[in-house]
Amino acid sequence: MEYRTLPHGGDKISVIGLGSGGLHNASSAEIERTIDAAVDAGINHFDFIPSEAAPLAVMGRVLGRHRDRVHIQVHIGALYESGAYGWTTKAAPAIAEFEQRLAAIGTDYADFGFIHCIDEDADLDRVMNGGIWDYAQARKADGTIRHLAFSTHSLHIARELLATGSFDLAMFSLNPMYDYTDESEYGQGEAADRALLYREFERAGVGVAVMKPFAGGQLLDAEQSPFGRALTRSQCIQYALDKPGVLTVLPGVHGVSDLRDLLSFFEASPEERDYSVLASMAPQTREARCVYCNHCQPCPAGIQIGLVNKYYDLACVGDDLAAEHYRNLEHHAGECIGCGHCDRRCPFGVAQSERMAQIAAYFGA
């Protein structure tokens, strides 16, 4: 297992976590086997929000058994009154459900207490002014919530919540389909603006837990994919992990078999993880931009081109720490020898040698 560090707090989070949206179709025994196997494999980040209420009891019991080894996301606003998943911005039922979820785990705290699924201004207003926000802050102050977090599909709402300076983690829908097409309501925003938001997450020190990494399975099926061909799980996971701010990817699973498919990512070769095929699949009208895929490597001059681009993009939106990271690199953009190797290898059409000159001028080196 590979781990990344939560900027605010220093927690080590597995790069693959576990969503629970598909577990309602599994037996109690299968749910238990799946969570046990995930923990044994080093997965330590779990989202406690299945599609139906049925798995809640067994999930709570098993996660509670592993409590000292896992981070658990518990949402304020998820609702299971009808037996199926629902959501609310009303404080009383949201708070009651949150506290029931803690009781199910047998714990007095949530590692991540989530302001749940806010996609509209009216919903944000009700959360911030209707009691949920005050409750979340109070529970953060008394330790019931270790880290405040939020989930949204909206770039605008994400920025509103980032501006509070109160959050340590965000759940955001991220995959090639949402970044390159207008096929889904979940992929809100233009590609360039979505890329900018990922950098804003990193600059703010707010980690990203990726939801919908396979676009609900559409990207894995050539007939459903808007690109007309299928990507693999490993390509989608790597795509998400290469984005600024991303700490973990949270695919949903139906049982142990799905879990094994996810864990095969760690056995995949760099070629099997490589998603540069997107260059021939995504709309060509999009502006050519570096996606930090490192397909241009190795650089004859030793420049880490993906990192140089990433630190430059972050510095351009005001991240002073990124600028310092750039200066601490062994090789800098100004050392580019103009050989054209990276230009020829970039599958997204970025003139990297020209960009190195631009970056060198920006940093003065």
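Here goes a summary of the coordinates provided. (Residues numbered from 1 in each chain as written. Predicted model: local features only at pLDDT ≥ 70, side-chain atom pairs only at ≥ 80, totals over all residues. Heavy atoms only, no water.)

**A short note on the overall build of the protein**
Turning to step 1, where the next piece is worked out: Secondary structure assignment for the protein yields 16 helices and eleven strands.
Turning to step 2, where the next piece is worked out: A compact globule built from 365 residues should have a C-alpha radius of gyration of about 21 Å, and the protein, at 21 Å, falls within 12% of that.
Turning to step 3, where the next piece is worked out: In terms of overall dimensions, the protein has a C-alpha envelope of 60 × 40 × 35 Å along the principal axes.
Turning to step 4, where the next piece is worked out: Taking the intrachain contacts of the protein between residues at least 6 apart in sequence as the baseline, contacts between residues at least 24 apart amount to 73%.
Turning to step 5, where the next piece is worked out: When the accessible surface of the protein is summed, it comes to about 14,900 Å², and 46% of that surface belongs to carbon and sulfur atoms.
Turning to step 6, where the next piece is worked out: In the protein, which carries 30 positive and 49 negative side-chain charges, the distance between the mean positions of the two groups comes to 2 Å. (Helix = DSSP H or I, 4+ residues; strand = E, 2+ residues; numbered from the N terminus. Rg over C-alpha atoms; globule rule 2.2 N^0.38 Å. Contact = heavy atoms within 4.5 Å. Areas by Shrake-Rupley, 256 points an atom, 1.4 Å probe, with all protein chains shown as cover. Lys, Arg positive; Asp, Glu negative; His and termini not counted. Charge placed at Lys NZ, Arg CZ, Asp CG, Glu CD.)

**Quick word on the packing of aromatic side chains**
Turning to step 1, where the next piece is worked out: In this structure the tally under the stated criterion is twelve aromatic pairs.
Turning to step 2, where the next piece is worked out: A centroid spacing of 6.0 Å and a plane angle of 85° characterise the contact between Phe-98 and Tyr-135, whose relative ring orientation is edge-to-face. On the criterion of sequence distance, the pair formed by Phe-98 in helix α3 (residues 91–105) and Tyr-135 in helix α5 (residues 132–142) is long-range, its members being 37 residues apart. Accessibility classification places Phe-98 together with Tyr-135 in one group, the buried group.
Turning to step 3, where the next piece is worked out: The interplanar angle of 40° and the centroid separation of 5.5 Å between the aromatic rings of Trp-133 and Phe-167 together place this pair among those described as tilted. (Phe/Tyr/Trp six-rings, centres within 6.5 Å; stacked < 30°, edge-to-face > 60°. Buried < 20%, exposed > 50% of the residue type's maximum accessible area, 1.4 Å probe, protein only.)

**Structural notes on the pairing of strand β4 (residues 71–76)**
Turning to step 1, where the next piece is worked out: Of all six residues making up β4, six are buried, and the element is well covered by its neighbours.
Turning to step 2, where the next piece is worked out: Of the two faces of β4, both are covered, the one formed by His-71, Gln-73 and His-75 as well as the one formed by Ile-72, Val-74 and Ile-76.
Turning to step 3, where the next piece is worked out: In this view, the connection linking strand β3 (residues 45–47) to its parallel neighbour β4 by way of helix α2 (residues 56–65) has right-handed handedness.
Turning to step 4, where the next piece is worked out: Pairing of β4 with strand β7 (residues 110–115), which is carried by four bridges, proceeds in the parallel orientation. Directly across from Ile-76, in β7, lies its bridge partner Ile-115. (Right-handed = clockwise from strand over helix to strand, strands pointing away. Pairing = 2+ DSSP bridges.)

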